[in-house]
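Structural description and commentary
Residue-level listing of the chains:
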Amino acid sequence: MSKKIRVATTSLAGCFGCHMSFLDIDERIVELIEHIEFDRSPLTDIKHCSNPCDIGLIEGGLCNAENVHVLREFRANCKIIIAVGACAINGGVPAMRNHFTLTECLEEAYLNGIGVDNPMIPNDVEIPLLLNKVHPIHEVVHVDYYLPGCPPPADAFMKVLTDLLEGKEPSLPKEILHFD
Amino acid sequence: MSDSNHNTITIDGREIPFKAGQTIMDAALDADIYIPHLCHMPGLKPHGSCKLCTVEVNGRSASSCTLPATAGQQITSNSEDLTEVRKTITQMLFIEGNHFCPSCEKTGDCTLQAMAYHLDMLDGHFPQFYPRREIDASHKSIVLDRDRCILCALCVRASREVDNKNVFDIGGRGTDAKLIVNAPSGKLADTNIKVDDLAAHICPVGAIMIKEHGYEVPIGRRTFDLHSVAEPRLEPVALHKGKLTDE
Amino acid sequence: MKPNNGLNTLNSPIVTENKIHMNSNHLLHRLYDLQTQLHHIPKQSITTLADELALPVSQIEAAVDFYSFLHRTPRGRFDIMFSNCTSCGDIKMIQHLCDQMHIASGETRTDGAVSISETSCIGMCDQGPALLINGRTITQLSNRRLDLIAEYIEAERPLEQWPIEWFDVHDNVRKNGLLLSTPFEPGSGLLAAINKGSEAMLANIDQSGLRGRGGAGFGTGMKWKFCREASGDAHYVICNADEGEPGTFKDRILLTSHAHTVFEGMTICGHIIGAKKGYLYLRAEYRYLLPALQAVLTRRHKAKLLGENILEQGFNFDIEIIIGAGAYICGEESALIESMEQKCGIPRVRPPFPVTSGYLNQPTVVNNVETLAAAAQIAVHGSHWFNSLGSDKSAGSKILSISGDCLTPGVYEYAFGVRIQRILDDCGAEDVQAIQVGGPSGTLIRSDEFDRKLGFEDLATGGSFMIYGKDCDLLEVIRNFSHFFAHESCGFCTPCRVGTTLLRNGLDKICHGRGTQYDMDEMRRMATLVKQRSHCGLGQTAPNPILDALDRFPELFNAKLLHSDFEPHFDLDAALEEARQLTKRDDAEAHLS
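Computed from a predicted structure; not experimentally measured.

Some details on the overall build of chain C
Counting its regular elements, chain C contains 24 helices and 16 strands. A compact globule built from 593 residues should have a C-alpha radius of gyration of about 25 Å, and chain C, at 24 Å, falls within 12% of that. When its C-alpha atoms are laid out on the principal axes, chain C stretches across 85 × 55 × 45 Å. When the 593 residues of chain C are sorted by exposure, 63% land in the buried category. Expressed as a percentage of contacts within chain C between residues at least 6 apart in sequence, the contacts between residues at least 24 apart total 72%. Total accessible area computed for chain C in this model is approximately 21300 Å², and 49% of it derives from carbon and sulfur atoms.

Here you go:
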């Protein structure tokens, strides 16, 4: 039996909807894990890429310094990086804060917002600092493929993974290509 | 003298007739040949701004929506090069504005989105501009969401040529160009637009929307779930779906 | 120094500008008046103006946001715009004055006294650095002069009391050629045209081989012929005096010292095409020329060279001046016409061309200043006088505006076919790294190309000739040009509107040392798309400096490139700065490399 390919996944500034959609492959996961092994991933709870990985599935864009560190770890350890979902591809919902300054956002959320008690902007050495703007991941690392959708349907995950397993260039048939 | 067989142009090797006064786009649409377009709408004066309809005529780049057809033109439309150009132009439109499909009421009925699907666009490719653009929700029935505006000026032309009004215009220069309305306050509510004006329904994207209507058609039954943007004679369908519907 | 044909321009206060030979109710002129009086265009004024001029409010709103010299928020009582052209600008000087006035570039001081910002080339490349202050030109800036300017502004000394010599604009003609050295008797061209008759005069112009001198080089005889043959309710002649290509100032000299020739060329054209009306579309940056030009028009009226029954020959022709409001794109003939029609300067769909459907959709000839001046002289001296110089496809002579790293910048006239090296020798340019022939929209050439010739067959130019010496940071020049085109793009078509900004951002990335080969490849791809698919000449030539530099000076880029596969499109550490300020953190985790 051929070696399994290693797949790592993460959600950066994402809602985990893409991970949920991936799991909508339901029972097909049984067949899938004959061919792939999950490395670092919320699914395995492995905290860091322990070995070089073949594929990195990245959900979510970049909103803070930690996201950048994680993304860079994935880029360094994964042969192929796939930007999964609207947020990873164009910033998505978190990027809606880009029309305002970071200060405006934090002040609204933590100081001036309705119902805020004990107003203060959270500040601790363990809290990653926010980037002044949210960015898609391809603005910081080279991305190999894109899987659009919000979330991409389970079939889209299957198609791309199957293509890669078969050594083919991933392609999405029109029925499962959508941005919403 | 009748429209003789000598009045033909050739598009991707296929010879088609044209009538005097037609543009290449007119002739192509009449022959059910799809040349991608966003700012073009039969019935309104051709504009030539989106540049999706770029073709090569006798080796030279041209906008098929504005270039008159003349006998003997050899036109390339469906080449790898031009498809790549069109995909890039579509990406440029996406990254220029704030085109967030998941939260846009036009998703599934949006020509820009459908164009992207047609061209196999998976991502915006270029760094996003994230411009700050003003929404105008002043009117009781119509919203202007400029985040999504692609400056196609269809609303400008529809208002002037069909509604006999002059509600819209494009102002400013370069990347600051923006949709404006003809009212001292600059607000849509202070114009003479009516909700049944063509201008209120012609927007190919989600920039001009009718209030209290959104997500009425289930995923799977929206215009571009059922049709490709490249289908012939799609315009009536697209307009119809965009209007108030009580399906 | 040649007299400038008219009134002392400095004593004509700009606010109550004399509007003779102008339509004072033209939208651009009314907006100028508002801008001058109120230092900006308030919303309420737009509504009032719309009512008065019976124009849609949106048309005026669109224009206010389109033209660079109209502002929504108040400019200072001393409104200063520094040229940012590589020839007539100097970034360090902008900073110097900003420091003196305690404001940043782009700002108006809170007391309303002064505002400082940048503007595109103002046509003073032979006597820069230069600026516009309340629409008037000050040349030959130095830090000393800027210090005095700062003093006068703080003391609120009116411009009329500033040293007169600061506002001097010299012709700087360094080398006369055919046009500049041939004297012209006002009326002589018209007489010749009348005596010869229109058909014969048109043939004369045609045979001369005269081609448009603004850069595009369309056959003048052919243009006039097409227009003459086109039917319409009225025909028009327009002189394109929008001279906006950076590095170009030759029309400035013609308008200053040869205005009669230019107006006569217009009148002859009018006679041939059957026009009763001509317009001079003058760029706003040359507003200081207005009184002198008006004076010439008045003299021509008195001499029966304009107006009714010209020279008792029964033909009428009048010339009106329209002044632009700061938009390079209005040098494009169809955008110019749109501007004349009180709209934004957006190039039209062509065909139809102006000769059949131009101003007010009527047959219109739009010609460059130099073309019209040449036509007037050809009328007097004949086609052979003109085409005995130059080459087969490039007849006659060309007036060049030479600037940059040379001993004697200024105006030089050569017969077409002259070698570049000859020009460099004449203007005292040594150790030249590169020349931008034809301005940023022209061709960038390297020292091994100085044997090439000026002309439509080889190196064409509207007149701009910008020289960059060996110590010049040429990549910064290319970057300057990319900012220029992004700023001046009219915004109509996707490739240019978005593409010029992407090119500018890409070059910024590379020049700031954050570029990789990937960014180079991307830039080349975008440059090619913008060049091939844009709606008008601006987009079609904007990528030229980048493409030329990539081909001829790859080492400039390579020296800046990072040797990595990919570099983020933004400065990651800078992206954390705001958060660092808010949290007052500076530990290791508060930074990104």
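Picking up after the structure, the text goes on.
Digging into the packing of aromatic side chains
One pass over the full model with this rule turns up 19 aromatic pairs over all chains. An angle of 65° between the planes, with centres 5.4 Å apart, marks the rings of Phe22(A) and Phe157(A) as edge-to-face. Remark: Phe157(A) occurs in helix α6 (residues 154–165) and Phe22(A) occurs in helix α1 (residues 17–23); sequence separation between them is 135 residues. The exposure classification of Phe22(A) matches that of Phe157(A), with both residues buried. Judged by centre distance (5.1 Å) and plane angle (65°), the ring pair of Tyr279(C) and Tyr359(C) falls under edge-to-face.

Concerning the interface of chain C and chain B
Counting from both sides, the interface comprises 41 residues of chain C and, opposite them, 42 residues of chain B. Residue Glu56(B) pairs with Arg533(C) through a salt bridge whose shortest N-O separation is 2.9 Å. Summed over the shared surface of chain C and chain B, the result is 21 residue pairs in polar contact (both at pLDDT 80 or more). Considering every element that reaches the side of chain C that touches chain B, the biggest residue donor is helix α18 (residues 494–511) of chain C, with eight residues. Taken together, the residues that form the side of chain C that touches chain B break down as 17 nonpolar, 16 polar and eight charged.

Quick look at the side chain of Glu285(C)
Residue and element names in this part refer to chain C. Assignment of secondary structure puts Glu285 in the loop between β8 (275–282) and α12 (290–302). Judged by its relative accessible area of 7%, Glu285 is buried. Beyond its immediate chain neighbours, meaning those up to four positions away, Glu285 contacts Phe69, Ile122, Leu132, Thr137 and Gly326.

So, the sheet that holds strand β14 (residues 432–437) of chain C
All names here are of chain C. What the six strands build is an open sheet, ordered β6-β13-β12-β16-β14-β15; its pairing is mixed. On the outer flanks of this sheet lie β6 (173–175) and β15 (443–446), each paired with one strand and no other. Neighbour to neighbour, the strand axes of the sheet diverge by 30° on average, direction disregarded. By the bridge criterion, four bridges tie strand β12 (residues 397–404) to strand β16 (residues 464–469) in an arrangement that is parallel. From the neighbouring strand, Ser403 faces β16, where its bridge partner is Met466. Contacts from helix α21 (residues 544–552) reach β14 and β15, with the element oriented near 20° to β15.

Calculation criteria
- Residues numbered from 1 in each chain as written.
- Chains lettered and ligands numbered in written order.
- Predicted model: local features only at pLDDT ≥ 70, side-chain atom pairs only at ≥ 80, totals over all residues.
- Heavy atoms only, no water.
- Helix = DSSP H or I, 4+ residues; strand = E, 2+ residues; numbered from the N terminus.
- Rg over C-alpha atoms; globule rule 2.2 N^0.38 Å.
- Buried < 20%, exposed > 50% of the residue type's maximum accessible area, 1.4 Å probe, protein only.
- Contact = heavy atoms within 4.5 Å.
- Areas by Shrake-Rupley, 256 points an atom, 1.4 Å probe, with all protein chains shown as cover.
- Phe/Tyr/Trp six-rings, centres within 6.5 Å; stacked < 30°, edge-to-face > 60°.
- Salt bridge = Lys/Arg side-chain N within 4 Å of Asp/Glu carboxyl O.
- Polar contact = N/O pair within 3.5 Å; in protein donor to acceptor, adjacent residues only side chain to side chain.
- Nonpolar A, V, L, I, M, F, W, Y, C, P; charged D, E, K, R; others polar.
- Pairing = 2+ DSSP bridges.
- Axes fitted to C-alpha atoms, helices over the stretch in contact; angles between N-to-C directions.

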